[in-house]
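What follows is each chain in one-letter form.
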Amino acid sequence: MLRHELLSRLHELLSPRTYLEIGVQTGRSITLSRTSTIGVDPAFSVINEVSCDLQLVRSTSDEFFARKAPLAHFPEPVIDLAFIDGMHLSEYALRDLINVERHTHPASVIVLDDMLPRHVDEAGRGREAAKKRRAWAGDVYKVVSTVRALRPDLVCLEMDTAPTGTLVLLAPDASSNALIDAYDDVVEEYVVPDPQTVPEEVLRRTRAMDPAQFLAAPVWPDLRRLRQLPAGRAAPEVRRVLASAGLRTPD
Amino acid sequence: MTGAEAGPAQPAKVKVSVVVPVFNPGGHIDPLIRSLAEQTMPASDFETIFVDDGSTDDTPGKLDRLAASTPNVRVIHTPGSGWSGRPRNIGIDAAEGEYVQLVDHDDELGTEALERLYAYAVANGSDVVVGKEVRKGGAWHVAPLFDKNRPRATFGKDPLVGIMTPHKMFRREFLNEHHIRFFEGPRRMEDHPFVLEAFFCADVISVLSDYPVYYWHRRADRGNAGARAYEWADFYVYMRDTLDVIERYTEPGDLRDRLLAFYYDSKGLGWLTRSVPHRTPAELRKHFDALRELAQERFPPSVDIHLHGMARARSQLLRAGDFEGLVALGAVESAIGVHQELVEIEVVDDTFRVRAITGLCYGDGSPLQFQVDGGRTWWRPPIELGSPVSHDVLDFSAVHGRRRIELALRNRRSHDVHLISGDAEQMTEEAPGILPFTFDTVFEFDPETVAGGQPLEPAVYDVFVRVTCSPWRRQAPLQSLPGAPQRRPLSRGSRATHSVVPFTTPSGRVALDVDHQTLIDQEAEMNDREATSTGGNGPGPKDQAVVVEVTSSYARRSADRVRLVLHLPGAGTSDGQRARVRLQRAQSAVTGDATVTDAIGGIRVEAGLPADRLPSGTWSIAVSLGQGERFQRVQARLLTSTTRPVALLTGSAPRGSASGGSGRVAQPPKAPGHPDWMRRAGRQVDRALGVLPPAQAARCRKALRATARRMLG
Ligand SMILES: C[S@@+](CC[C@H](N)C(=O)[O-])C[C@H]1O[C@@H](n2cnc3c(N)ncnc32)[C@H](O)[C@@H]1O
């Protein structure tokens with residue numbers, strides 16, 4: 001399944017009240033949205049048709065979140081569905097995740113693109129090696145192991161999408177400080193010269209799930225319903241719903 | 001003063017209590033709240049007490065919410081008392097700090113204000129610290145008091161009386177021991193008795209001049225009763241409170257008379273003459289009568305010796321009851337203005353040399369004239385002064401010799417002002433013995449040192465001329481050369497550490513652009529944006545900034561520092577070379593040492609800067625490689641925040657966002673398909689065509705457009 005198809009199906013199943021996209025480029029992914037949407041990209045050049053209530057922000061994601069009320073365009077300042085596909089360097093993606101999660105509800109869904117590169121060449125911090133392969137995923141895959149190590153409370157599902165794999169995070173916790181507290185040390189580990197050492201599990205997608213199976217899980221009506229509850233009450237419910245559908249971070 | 005119970009001394013719980021009397025500020029209080037949140041003094045070291053004097057707008061709720069979410073903020077609500085005296089007293093009583101800083105609700109503190117004031121106070125054991133006050137709004141003003149730091153100022157010797165605003169820091173126990181409090185209720189000039197009493201009682205008064213501590217927003221619609229028309233009789237009733245303090249604390253004699261003379265002139269005679277053009281004869285008459293009554297009662301003739309000549313003339317007219325004479329003199333005096341003609345601006349060896357004909361002139365543009373006679377210099381007033389005026393008040397010998405002609409550079413953002421004295425040569429006699437008050441003046445300054453020994457910080461500076469021939473001090477924006485094209489450099493700039501380029505503003509005045517601020521500063525007037533960007537010898541566009549390699553550069557926090565790692569292009573250096581990194585944001589700049597090492601394809605510059613000096617915001621970055629090397633901007637900015645990870649963002653900042661309704665993508669602000677260079681070329685063409693008659697220009701434009709289309713396809 002193509003990652004855009006995964007995203008498109010998520011829009012349908014979740015019918016989010018709000019959608020945030022970091023990294024818009026030509027609009028190929030934002031075109032899938034039918035809801036109140038904010039797209040953030042310092043250099044967008046949208047060529048696709050768009051059919052939603054859209055605010056397009058010409059800014060880096062970090063500066064976007066530094067604004068006073070970044071989500072003012074939304075009816076409510078909560079992100080139901082997020083697609084993180086901005087700067088493809090791991091420290092940027094981790095910051096995007098930290099900043100996005102702050103604005104989520106436990107029933108929100110966060111999708112990160114390019115988390116499972118296919119080759120080491122594609123996973124460099126620089127683009128040189130990727131040139132011969134046409135696609136550049138960058139080293140954002142590093143976020144997977146950070147999240148798996150530091151956030152056992154999150155449901156962290158790697159998706160076997162084409163061309164590169166995606167990461168879906170469920171049961172986010174806007175009040176968690178685990179990632180931001182670790183950020184400064186993690187950066188030092190992230191910023192290392194190419195070539196990167198990409199774990200076998202990532203390259204071979206040993207933990208990855210079939211996206212079709214994920215989309216078929218009987219959780220969507222519940223997630224939509226639980227959005228109505230206050231975060232504190234929704235969190236245990238969301239976890240229960242996900243667990244009984246067998247959705248949990250694989251070992 | 002109202003009774004402050006000097007009970008047992010309370011031990012201070014924090015270093016500073018900021019006391020803010022509040023009445024219906026609306027949004028005008030937001031800059032203050034922001035500036036308090038951005039203080040470099042740790043929040044746990046100071047508290048803010050907002051005393052809401054019965055506001056009827058949405059302020060009470062706003063402050064309550066702020067206090068609920070901010071541990072070092074307290075709010076006290078009191079029924080409206082009509083003026084700021086009572087809420088200030090309540091705040092001082094509630095304060096738990098070692099020092100109390102008074103701030104008004106629509107003003108602002110510099111980011112480092114509390115940290116610096118407190119350190120200065122502790123170092124000097126101060127009872128009162130007067131921090132440099134900068135006016136925002138209205139005419140700029142540089143008090144002579146702030147020409148240097150004065151750790152121990154003496155009241156009566158240092159020019160403290162010029163600064164009677166209460167925006168100062170006071171040792172709390174000092175206020176309590178001496179029972180110093182404000183008069184309460186709706187009365188004018190409530191700050192003068194308070195500040196005067198503090199000055200009289202203080203053992204140590206310290207003046208902190210090397211940092212703009214306090215931004216005073218002078219607004220016409222200031223809250224409370226400020227907008228009310230003056231009732232002169234009332235005003236002078238309240239002035240008696242101030243005079244009482246002077247008399248209570250001084251013996252009859254020189255100091256007392258000098259202080260009385262100050263009030264007699266600055267709040268009395270001078271004010272009356274200044275208001276002549278703005279008031280009706282009936283209003284002036286009321287003012288005159290009220291002041292005359294006060295003078296008879298409180299200003300003995302011995303005070304007049306301490307008035308300068310013109311004020312003495314005013315006093316003679318007032319005491320003699322010559323209303324018409326005083327109004328006529330006031331009309332002449334208030335029409336006096338700056339005469340100026342810019343001759344040239346040149347930059348030689350990075351030093352600016354501005355030559356102008358300057359002086360003072362009357363309303364009709366003719367210069368003031370003085371007569372040299374028997375070794376003395378006399379003013380030749382353009383009108384017959386009334387008979388009560390004695391001839392000796394026209395003797396300007398001393399004053400004429402002490403005249404000052406200055407150039408002022410005012411930072412458009414911080415409003416900080418730097419003065420440069422001119423070398424003035426008086427123009428020759430117009431007739432035997434008659435000298436015009438006109439000078440061929442040369443101002444020279446080095447932008448690297450003009451800001452009190454420091455370089456000008458990146459900003460746009462408006463340039464003014466100020467001419468002082470006490471009692472007249474006049475200032476005016478420096479007009480550019482006649483016909484100088486707007487927004488264009490006036491001369492080559494200097495480019496030592498900073499690029500400094502003089503240019504002509506759209507209103508035909510002279511301004512300086514330091515480090516391409518007309519381009520970079522989004523707050524700078526859009527009008528001046530292209531001032532220096534479009535060719536000439538001006539600084540290049542900001543792309544000149546050094547490229548920062550994105551994949552290996554980053555920022556992180558490390559203990560109490562923000563560590564910056566910048567990979568820059570550059571030849572191999574000797575490892576471990578010393579460098580400096582400077583972060584800059586609005587008025588603040590933080591500079592730190594850096595190390596340089598070789599790296600693949602360039603160099604790696606590393607610096608650790610104190611995190612507490614980098615409050616939330618976007619910081620531009622400049623690097624100086626090695627001793628004496630100039631700082632060069634790099635294409636990266638640092639985003640700091642207390643709630644989000646610190647982020648180093650490379651490349652240049654994007655601008656503007658678009659918001660579209662359903663099914664529509666709004667266009668980004670740029671015209672699609674028109675690259676920058678093309679729009680720039682268009683503007684250049686527009687300018688060139690500006691000299692042609694409109695119809696002809698339109699035909700040319702059309703032809704050029706057609707040619708361009710053919711060439712570009
Ligand atoms: C891979 S593209 C996005 C593609 C798009 N989501 C899609 O699926 O069609 C990455 C985009 O991220 C943008 N980008 C780069 N740095 C960014 C940053 N710091 N914040 C947000 N977006 C960024 C780039 O301009 C680029 O358009």
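Attention now moves to the interface of chain B and chain A. At the junction of the two partners, chain B supplies 35 residues and chain A supplies 38 residues. At the boundary of chain B and chain A, one finds four salt bridges. Across the pair B:Arg637 and A:Glu63 runs a salt bridge whose closest N-O atoms are separated by 2.8 Å. At the boundary of chain B with chain A, the tally comes to 10 residue pairs in polar contact (both at pLDDT 80 or more).

The subject of this paragraph is the sheet that holds strand β13 (residues 376-379) of chain B. Residues and elements named next belong to chain B. Read across the sheet, three strands follow the order β13-β12-β16 without closing on themselves; strand pairing throughout is antiparallel. Edge positions in the open sheet fall to β13 and β16 (434-436), since each of these has one partner strand only. For this sheet, the mean inter-axis angle between neighbouring strands, taken without regard to orientation, is 35°. With three bridges connecting them, strand β12 (residues 369-373) and β16 associate as antiparallel partners. Opposite Phe-370, over in β16, you have Leu-435 as the bridge partner.

Moving on: helix α1 (residues 30-37) of chain B. All names here are of chain B. Listed in full, the buried residues belonging to α1 are Leu-32, Ile-33, Ser-35 and Leu-36. Down the axis of α1, the buried set is contained in an arc of 165°. They therefore lie on one face. On its buried face, α1 is in contact with β1 (14-22), β2 (46-53), α2 (59-69) and β5 (108-109).

Within the secondary structure layout, B:Leu512 lies in strand β22 (residues 510-514). Leaving out residues up to four positions away in the same chain, B:Leu512 has contacts with B:Phe352, B:Leu409, B:Phe445, B:Leu456, B:Ala459, B:Val460, B:Tyr461, B:Val463, B:Val500, B:Val501, B:Pro502 and B:Phe503.

Take the site of the ligand next. The local shell around the ligand holds 18 residues, among which A:His4, A:Gly23, A:Asp41, A:Ser61 and A:Asp85 are the closest. Partitioned by chemical class, the residues of the shell around the ligand number six nonpolar, eight polar and four charged.

Because each turn of an α-helix spans 3.6 residues, side chains separated by three or four positions in sequence point in the same direction. Residues and elements named next belong to chain A. Compared with an ideal rise of 1.5 Å per residue, which puts 12 residues at 16 Å, helix α1 (residues 3-14) spans 16 Å between its outermost C-alpha atoms and is within 8% of the ideal. Those residues of α1 lying buried are Arg-3, Leu-6, Leu-7, Leu-10, His-11, Leu-13 and Leu-14. Just downstream of α1 lies Ser-15, where phi reads positive at about 25°.

Within the element layout of this structure, B:Thr505 appears in the loop between β21 (499-504) and β22. Residues B:Thr505 and B:Pro485 lie 20 residues apart in sequence; the distance between their C-alpha atoms is 8.8 Å.

Residue and element names in this part refer to chain A. In this structure, Ile-79 sits in strand β4 (residues 79-84). Ile-79 sits in the buried class, given a relative accessible area of 1%. It is 6.8 Å that separates the C-alpha atoms of Ile-79 and Ser-108, two residues lying 29 residues apart in sequence. The residues contacting Ile-79, other than those within four sequence positions of it, are Thr-18, Leu-20, Leu-71, Phe-74, Val-100, His-103, Thr-104, His-105 and Ser-108.

Here we come to the confidence of the model for chain B. Residues and elements named next belong to chain B. Taken over all residues, the pLDDT of chain B has a mean of 82, while the share at 70 or more is 82%. Confidence, expressed as mean pLDDT per element, reaches its minimum in chain B at strand β31 (residues 658-662) with 41 and its maximum at strand β8 (residues 169-171) with 98. Considering only residues more than four positions removed or in separate chains, one finds that residues 519-543, a stretch of pLDDT under 50, has 60 contacts. Note that pLDDT drops below 50 for residues 656-679; the model gives that stretch 42 contacts with residues more than four away or on any other chain. Both confidence scores are given for the complex: pTM 0.54, ipTM 0.93.

This part covers the pattern of salt bridges. Residue and element names in this part refer to chain A. Tallied over the full model, the rule gives 57 salt bridges over all chains. Arg-125 is the partner of Asp-139 in a salt bridge, and the nearest nitrogen-oxygen pair spans 2.9 Å. With Asp-139 in the loop between α4 (128-131) and α5 (142-150) and Arg-125 in the loop between β5 (104-116) and α4, this pair connects stretches of sequence that are 14 residues apart.

All names here are of chain B. Here helix α9 (residues 281-298) crosses helix α11 (residues 323-335) at 110°, and the two axes come no closer than 11 Å. Considering the angle they form, α9 stands roughly perpendicular to α11. α9 and α11 meet at a crossing whose hand is right-handed. Contacts between α9 and α11 pair Pro-281, Leu-284, Arg-285 and Phe-288 from the former with Phe-323, Leu-326 and Val-327 from the latter. Classifying every residue of the contact of α9 with α11 gives six nonpolar, no polar and one charged.

The next subject is the packing of helix α8 (residues 254-274) of chain B against helix α10 (residues 309-319) of chain B. Residues and elements named next belong to chain B. Orientation of α8 relative to α10, taken along the N-to-C sense of each, is 80°, at an axis distance of 10 Å. When the interaxial angle is binned, α8 and α10 end up roughly perpendicular. Where α8 abuts α10, its residues Tyr-264, Asp-265, Leu-269, Gly-270 and Thr-273 lie against Ala-311, Arg-314, Ser-315, Leu-318 and Arg-319. Grouping the constituent residues of the contact of α8 with α10 by class yields four nonpolar, three polar and three charged.

Here we come to the pairing of β4(A). All names here are of chain A. Of all six residues in β4, six are buried, a share of seventy percent or more. Bridge count for strand β1 (residues 18-22) against β4 is four bridges, and the pairing is parallel. Its bridge partner being in β4, Tyr-19 is matched across the sheet by Leu-81. Examined bridge by bridge, β4 and β5 share five bridges and lie parallel to one another. Paired with Leu-81 across the strands is Val-109, a residue of β5. Of the crossover connections in this fold, the one passing from β4 over helix α3 (residues 90-101) to the parallel β5 is right-handed.

Calculation rules
Residues numbered from 1 in each chain as written. Chains lettered and ligands numbered in written order. Predicted model: local features only at pLDDT ≥ 70, side-chain atom pairs only at ≥ 80, totals over all residues. Heavy atoms only, no water. Contact = heavy atoms within 4.5 Å. Salt bridge = Lys/Arg side-chain N within 4 Å of Asp/Glu carboxyl O. Polar contact = N/O pair within 3.5 Å; in protein donor to acceptor, adjacent residues only side chain to side chain. Pairing = 2+ DSSP bridges. Helix = DSSP H or I, 4+ residues; strand = E, 2+ residues; numbered from the N terminus. Axes fitted to C-alpha atoms, helices over the stretch in contact; angles between N-to-C directions. Buried < 20%, exposed > 50% of the residue type's maximum accessible area, 1.4 Å probe, protein only. Arc of directions from axis to C-beta. Near = heavy atom within 4 Å. Nonpolar A, V, L, I, M, F, W, Y, C, P; charged D, E, K, R; others polar. Expected span 1.5 Å × (residues − 1). pLDDT = per-residue confidence, 0-100. Parallel < 35°, antiparallel > 145°, perpendicular 65-115°, else oblique. Left-handed = near helix turned anticlockwise from the far one by under 90°. Right-handed = clockwise from strand over helix to strand, strands pointing away.

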